[in-house]
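The residues making up each chain are set out below.
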Amino acid sequence: MQTVRPGRLRLLFALFAVASLVLAGRLAYWQTFGRAALLARATDQVRSDLVVAAQRGVIRDRNGAILATTVQLRSLYALPSRIPDKAVAAQELGVLLGRDPAPIRALLESGAEWLYVQRWLPEEAASAIAALNIPGLGFQTEPKRLYPNDAIGAAVLGFVNDDGQGVNGVEGYYDAMLRGTDGRLVVERDPANRDLAVGLREAVAPRDGADLTLTIDLVAQTAAERELAAAMKKEHATSGSILVVDPADGSIRALASAPTYDPSAVRLADPEALRDRAIAWPYEPGSTMKAVTIAAALNEHLVRPSDSYTDVGYTIVGGRRLNNALGKAYGPTTVSQILERSLNAGAAWVGTKVGAQRLGDYFHLFGFGRPTEVDLAGEVSGTVRPLAEWYPVDVGTASFGQGVSVTPLQLAMAYAAIANGGTLYRPYVVASRRDADGEHRTAPVAVSHAITPDTAATLRSMLLSTVDIGIAHNAAIAGFSVAGKTGTAQIAGPDGSYVDDLYVSSFAGFFPADDPKYVVLVVLDKPDSRLLGTVTATDAFKGVAQDILRYARIQPDRRP
Amino acid sequence: MITAQAVPLKWGTSAAGKARRSRRGGSTVARPHRLAIGRTPAVAAVRAASWDLRIFGLAIAAIAFSFALAVVYVSQTTALSVAGYEVQKLAAQRDELRRQISLLDVQSARLDSPARIAADAQRLGMVHARYVPLIPAQPLIAKR
């Protein structure tokens, strides 16, 4: 019988003892010094720290119609290695997505472990793909800003880029307010990635963005966009804008800009289309400015509507000859007829009576040369040069709207001041916002009192004559009194001199003339009809005005 | 002869107890006399046994209570977990319904869009009315 030597037993015992000591020491280490690290690693495996995205606010028109909203849409992703037959899958996806299957197949065979096949799928397509039940394909919901009216109101609304940031228009101006504040959720999850009710849970609720209600009326907006598109098409104009303003408080009822874009598909848009012409297009207004010049003269009691001068077809100001359009002479002419016939020489005659200093002051009182501070992103100020930089002739040219630049919105607000009795309001598009604290309404802000109510009333009757018996008769609407003024302005080239045969045609008007409810401005850049571009502008004005009159159920104030 | 050694008194088994009893001058022989005077050994034995039973019962009860407590805790935790999963499922359903509502809102807004209605009307052969005759309210009122 073989016996084990005691020495070997002792050695074995010693080995076990040492091993036990090492293990005990290691255990002690993990229980003391290494505990925190071990605990952190274990916690990391089950804990998820998520950002809970705040819902971007909804934008509605004044009647509650949705103009912009955020919806969670399904995006299709693929784990190509798990797709059994990529060719068949690509074929089926191509049919349902309305795409060529070849690029989809190339995508699936690209070797990527995970990829998006298509983001933000239409709901019908997503449901159809889900029904196919192809292994390796899955859906992930992602927020997408939708604009149910497509390109209607794009200039007012702006858009949201892929980073979720609002750009241009209301989306840009009110981005922080619309976006809200993201929340946070720290929670433990099981292996199936489900939240555990028992365990760590820290939650900071997201604060959703405010909902905005605009002053925009979708019906008026649609009419403005339709008429602008028709005018642009007819005249092959390079750009244009139509504005509808409520003169009583400065709220904007419609704002159209062309060229335009679909805010849901900004990537396809021409970059030039992203510029809102109504607020970011300074142009020389031409004859529409004559109303402002005459307003200044009437307000300073320098002229009366019946005052007359002899029109010889031109006038000399600062040693320069300023001609009427086509150089036509009219003989004895009243101040009212200056507007009715749109006489440059007459406007310059009135302008020289007012003087450069006062004319500049009135330009500022009517809001020219500075931003209107409308609540839209991207506004420019236009240019009224400082008086020290005016040449003697400038008082004459500025009187009929050359040598100064304005934005369509500035001009519309100036006409709104004439329409409402002389008060220049700050224009605005957001009527109210609703957030967690309740509803906040926007109060109209009077910027200045440019002219007295009497002056405004006198000017309104002069502008009414301009439509009834004057140059703007094409803007007349049967059954309603319409006041307004056409404008045909030359365009300055890069060298500062005016370009031959290129004009900006416009019409600014309001209705009903005695108690104006709406101001409408139409501006077209470089119309094909050149000097007759104002006819198209007045046609567009009428189209918008007739829709609004019917829609707003405004009673006729004249016999048709 | 009944001796005290036959009765397993609680304190009788320890060495310290024996020493205490030796120091008091008594012997194990004297104890039957005292027991005989106060209470019989049988009664003492029964009482001691009863005491032990009580302790045993108490221990069993404590164990049973702890077990029941543990079972309740585990069942509550399990129920909470199940409820948590149920809540999560319902929250997912709620989110999906909200998503569907917002999609329907968008669809409704699309259908209500004046531009879409105008386009559909145009497809049906209708044209935009340029002039709509309106009768002022004033003369009608005067005729009444």
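The rules behind these values
Residues numbered from 1 in each chain as written. Chains lettered and ligands numbered in written order. Predicted model: local features only at pLDDT ≥ 70, side-chain atom pairs only at ≥ 80, totals over all residues. Heavy atoms only, no water. Helix = DSSP H or I, 4+ residues; strand = E, 2+ residues; numbered from the N terminus. Buried < 20%, exposed > 50% of the residue type's maximum accessible area, 1.4 Å probe, protein only. Areas by Shrake-Rupley, 256 points an atom, 1.4 Å probe, with all protein chains shown as cover. Core = buried A, V, L, I, M, F, W, Y, C linked by side-chain atoms within 4.5 Å. Contact = heavy atoms within 4.5 Å. Pairing = 2+ DSSP bridges. Axes fitted to C-alpha atoms, helices over the stretch in contact; angles between N-to-C directions. Expected span 1.5 Å × (residues − 1). Salt bridge = Lys/Arg side-chain N within 4 Å of Asp/Glu carboxyl O. Buried area = accessible area lost by both parts, 1.4 Å probe. Polar contact = N/O pair within 3.5 Å; in protein donor to acceptor, adjacent residues only side chain to side chain.

Visitor: Would you take a moment to explain the overall build of chain B for this structure?
Guide: A count of helices and strands for chain B gives 5 helices and 0 strands. Each helix and strand of chain B, ordered N terminal to C terminal, gives the series α-α-α-α-α. Looking at the 144 residues of chain B, the share that counts as buried comes to 12%. By element, 68% of the accessible surface of chain B is carried by carbon and sulfur atoms, the whole surface being about 11600 Å².

Visitor: Just checking my understanding: could you explain the nonpolar core for this structure?
Guide: All names here are of chain A. Residues V170, L214, F363, F366 and F368 are the most contacted members of the largest nonpolar core, which totals 98 residues. With 10 residues, helix α16 (residues 408-420) is the largest single contributor of residues to this core. Other than its neighbours up to four places away in sequence, L214 contacts I59, R60, D61, R62, L67, V156, L157, V170, V429, V430 and A431. Core analysis: the next-biggest nonpolar cluster, separate from the first, contains 31 residues, I242, F541, V544 and I548 among them.

Visitor: For this particular structure, what's the right way to read the sheet that holds strand β1 (residues 47-52) of chain A?
Guide: Either a parallel or an antiparallel arrangement is found when strands of a sheet pair, and the pairing is made through backbone hydrogen bonds. Residue and element names in this part refer to chain A. Read across the sheet, 3 strands follow the order β1-β8-β9 without closing on themselves; strand pairing throughout is antiparallel. Whereas interior strands pair on both sides, the edge strands pair on one side only; in this sheet they are β1 and β9 (201-204). Pairs of neighbouring strands in the sheet enclose a mean axial angle of 15°, with direction left out of account. Helix α2 (residues 35-46) contacts β1 and β8 (183-188) of the sheet and is inclined by roughly 55° relative to β1.

Visitor: Could you clarify how one ought to interpret helix α3 (residues 41-112) of chain B in this entry?
Guide: Since one α-helical turn is 3.6 residues long, residues separated by three or four positions face the same way. If you check α3 of chain B, its first and last C-alpha atoms are 103 Å apart, about what 72 residues at 1.5 Å a residue would give, namely 106 Å. Taken together, the buried positions of α3 of chain B are A44, G84, R99, S102, L103, V106 and A109 of chain B. Among the structural elements, β3 (66-78), α5 (123-132) and β5 (137-146) of chain A are those in contact with the buried residues of α3 of chain B.

Visitor: Just to check I follow, could you spell out the pattern of salt bridges for this structure?
Guide: All names here are of chain A. Scanning the model with the defined rule gives 35 salt bridges over all chains in all. R434 is the salt-bridge partner of E439, the closest N and O atoms lying 3.1 Å from each other. Overall, the relative accessible area of 39% leaves E439 in the partly exposed class. One salt bridge in this structure joins E439 and R441, with 3.9 Å as the shortest N-O distance. Overall, the relative accessible area of 67% leaves R441 in the exposed class. One network of salt bridges, with partners in common, ties together R56, R145, E171, D175 and R179.

Visitor: Would you explain the interface of chain A and chain B in this entry?
Guide: Often, the extent of an interface is quoted as the loss of accessible area upon association of its parts. Between chain A and chain B, the contact holds 37 residues from the first and 27 residues from the second. Summed over both partners, the interface of chain A with chain B buries about 2500 Å², with 61% contributed by carbon and sulfur atoms. Remark: the boundary between chain A and chain B carries 2 salt bridges. Here D150 of chain A ties to R110 of chain B by a salt bridge, and the two come within 3.5 Å at their closest N and O atoms. In this assembly, chain A and chain B are joined by 5 residue pairs in polar contact (both at pLDDT 80 or more). Listing elements by their share of the side of chain A that touches chain B, those giving two or more residues are β3, β5, α9 (218-235) and α18 (533-551) of chain A. Counting residues per element, the side of chain A that touches chain B draws most heavily on β3 of chain A, at 6 residues.

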